[in-house]
Amino acid sequence: MALAAGPALAKNAAPAATQTGIPLNASWKQKLYAFARGKLIHPAWGWSHSERDFRLASEIAARGGLAVDKDVLFAAAFTHDIGAIGEFEKDGVDHAVRSIEIAEPLLREMGFPVQKIPAVSEAILGHMHDKVPGRRNESVVLHDADTVDFLGNVGIARRLSVTGTSPDYAGGLAKIREFADKLPGRLVTATAKRMAAPRVMEMRRFLFQIKAETANGQLP
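Just so it is clear, the structure is predicted and the values come from calculations on it, not from any experiment. (Residues numbered from 1 in each chain as written. Predicted model: local features only at pLDDT ≥ 70, side-chain atom pairs only at ≥ 80, totals over all residues. Heavy atoms only, no water.)

Q: Any chance you could break down the packing of aromatic side chains for me, citing the residues and the numbers?
A: Scanning the model with the defined rule gives 8 aromatic pairs in all. Look at tyrosine 33 and phenylalanine 78: their rings are 5.8 Å apart centre to centre, the planes differ by 85°, and that puts the pair in the edge-to-face class. Taken together, the residues tyrosine 33 in helix H2 (residues 27-39) and phenylalanine 78 in the loop between helix H4 (70-77) and helix H5 (95-110) connect sequence positions 45 residues apart. As far as burial versus exposure is concerned, tyrosine 33 and phenylalanine 78 are alike and both buried. With 6.0 Å between their ring centres and 55° between their planes, phenylalanine 35 and phenylalanine 88 make a pair best called tilted. Taken as a pair, phenylalanine 35 in helix H2 and phenylalanine 88 in the loop between H4 and H5 lie far apart in primary sequence, 53 residues in all. (Phe/Tyr/Trp six-rings, centres within 6.5 Å; stacked < 30°, edge-to-face > 60°. Helix = DSSP H or I, 4+ residues; strand = E, 2+ residues; numbered from the N terminus. Buried < 20%, exposed > 50% of the residue type's maximum accessible area, 1.4 Å probe, protein only.)

Here's what the structure looks like:
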């Protein structure tokens with residue numbers, strides 16, 4: 001298992017910020033972002049999802065008045081789904097557990113402050129919508145950010161991107177409907193619940209239009 005960044009990124013000078021402007025103001029952040037861009041390639045839970053999660057979690061914390069360690073949040077956001085991607089997956093191991101297995105030595109190697117690794121591991125372990133987040137604020141806001149990112153138009157796009165070789169997208173639509181119904185109730189913070197409301201409306205509008213634009217909702 002190779003943990004180095006992709007060759008194209010390794011040859012370039014380290015950027016000062018991520019694609020969306022998150023400051024890369026420490027060498028370990030530059031290394032981790034390069035790793036993510038080079039290795040965490042997936043349409044639903046790759047590096048762009050990680051970047052959205054960090055931004056959403058930061059917004060939830062700021063709007064909710066929750067103090068968070070941005071180092072912990074950045075590290076957790078960009079490592080929480082490693083264990084769900086290609087070469088890093090392990091059969092029979094929950095992807096969050098697998099992500100921790102990989103993230104801890106990876107972060108140490110990159111120079112991340114070792115005393116903060118337990119907080120990162122806690123946030124990774126509880127990040128999924130069907131899990132209870134840990135007690136730290138970083139864990140709570142990452143959990144809610146990750147859940148919010150399953151909602152709205154981006155949630156629809158992510159869900160349909162993983163239909164794979166299915167003969168139709170019935171399973172994708174069923175999951176979109178399930179997420180619209182169930183995920184808002186799994187959010188912890190009031191801020192995330194408010195953020196979720198318009199996203200759920202978009203999902204319901206999409207489902208209505210799919211039915212309206214097909215023959216009695218029949219799928220191709």
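Q: So what's going on with the packing of helix H9 (residues 170-182) against helix H10 (residues 190-212)? Residues and values would help.
A: Axis separation between H9 and H10 bottoms out at 9 Å; the angle between their running directions is 145°. In this structure, H9 meets H10 at a crossing whose hand is left-handed. On the side of H9, the interface is formed by Leu173, Ile176, Arg177, Phe179, Ala180 and Asp181, while H10 contributes Val200, Met203, Arg204, Phe206, Leu207 and Ile210. Split into classes, the residues belonging to the contact of H9 with H10 amount to 9 nonpolar, no polar and 3 charged. (Axes fitted to C-alpha atoms, helices over the stretch in contact; angles between N-to-C directions. Left-handed = near helix turned anticlockwise from the far one by under 90°. Contact = heavy atoms within 4.5 Å. Nonpolar A, V, L, I, M, F, W, Y, C, P; charged D, E, K, R; others polar.)

Q: Can you lay out the nonpolar core for me, pointing to particular residues and giving the numbers?
A: Among the nonpolar cores identified, the biggest contains 58 residues, and Leu32, Phe35, Phe74, Phe78 and Val120 are the most heavily contacted of them. Elements with a contribution of two residues or more to this core: H2, helix H3 (47-64), H4, H5, helix H6 (117-125), helix H7 (137-148), H9 and H10. (Core = buried A, V, L, I, M, F, W, Y, C linked by side-chain atoms within 4.5 Å.)

Q: Account for the side chain of aspartate 81, with residues named and values stated.
A: Here aspartate 81 shows up in the loop between H4 and H5. Although aspartate 81 is buried, it forms no salt bridge, and the closest oppositely charged side chain is arginine 158 at an N-O distance of 5.1 Å. There is a polar contact of 3.1 Å between the side chain of aspartate 81 and the side chain of histidine 80. A distance of 3.3 Å separates polar atoms of two side chains, one belonging to aspartate 81 and the other to histidine 127. Once residues within four sequence positions are removed from consideration, aspartate 81 is found in contact with Trp45, His49, His95, Ser99 and His127. (Lys, Arg positive; Asp, Glu negative; His and termini not counted. Salt bridge = Lys/Arg side-chain N within 4 Å of Asp/Glu carboxyl O. Polar contact = N/O pair within 3.5 Å; in protein donor to acceptor, adjacent residues only side chain to side chain.)

By themselves, these observations are geometric and do not establish any function.
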